[in-house]
Amino acid sequence: MKRLLVLASLMLATPLAAEGINANDPADIVAAWSDAVVSGNPARVDEILAPEFQILRGSGAQMNHEDYVTSELPIIAKAPDFELLEATENNGVMVVTYILEIEASVDGQTMQRRAPRLTVFREIGGAWYVVAHSNFAATQ
């Protein structure tokens, strides 16, 4: 039933019509992405994902936009800390690498506490949307 409700909400709002991330600083943009995932709210995550979104986890699991927002999102104890954030931007695309320190579980497994991430954002109509996210944390 939950999956059907999430799918119904996805059909009512497309990422291009959604809010996106309204920030300019790469650290603020990454924090908004992180905050959406920490919230555990699929609708909040959906509103900042680009239509072509993909995620690749350290376990090798991969999902597209629809699969991700209808999956069980990671369970995160508190907002994570970021280190060594580096960003490059060109023609409305921003690539950000960083180290994330987090207390979380995904798919019932504990996630490595400190590991690198790579997130790609695309600017659409003045707001940023997550295009791709790579999480290099191992799970155990």
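Residues numbered from 1 in each chain as written. Predicted model: local features only at pLDDT ≥ 70, side-chain atom pairs only at ≥ 80, totals over all residues. Heavy atoms only, no water.

Draft legend 1. Representation of the sheet that holds strand 1 (residues 49-57) in the model. In space, the 6 strands of this open sheet follow the order 2-1-9-8-5-4, with mixed pairing throughout. Looking at the sheet topology across the chains shown, the edges are occupied by strand 2 (62-64) and strand 4 (81-90). In this sheet, adjacent strand axes meet at a mean angle of 20° when their direction is disregarded. Taken strand by strand, helix 2 (residues 26-39) contacts strand 1, strand 4, strand 5 (93-101), strand 8 (114-124) and strand 9 (127-135), and its axis lies near 115° from that of strand 4. (Pairing = 2+ DSSP bridges. Helix = DSSP H or I, 4+ residues; strand = E, 2+ residues; numbered from the N terminus. Axes fitted to C-alpha atoms, helices over the stretch in contact; angles between N-to-C directions. Contact = heavy atoms within 4.5 Å.)

Draft legend 2. Broad picture of the sheet that holds strand 7 (residues 109-110). Overall, antiparallel pairing links the 3 strands, which are arranged 3-6-7 in an open sheet. Two strands close off the open sheet at either side, each with one partner strand: strand 3 (75-76) and strand 7.

Draft legend 3. Fine view of the pairing of strand 5. The sheet contact formed by strand 4 and strand 5 spans 8 bridges and is antiparallel. Bridging from a neighbouring strand, Glu86 pairs with Thr97 of strand 5. In sequence, strand 4 turns back onto strand 5 through a hairpin of 2 residues, with Asn91 there showing a positive phi of about 50°. Examined bridge by bridge, strand 5 and strand 8 share 9 bridges and lie antiparallel to one another.

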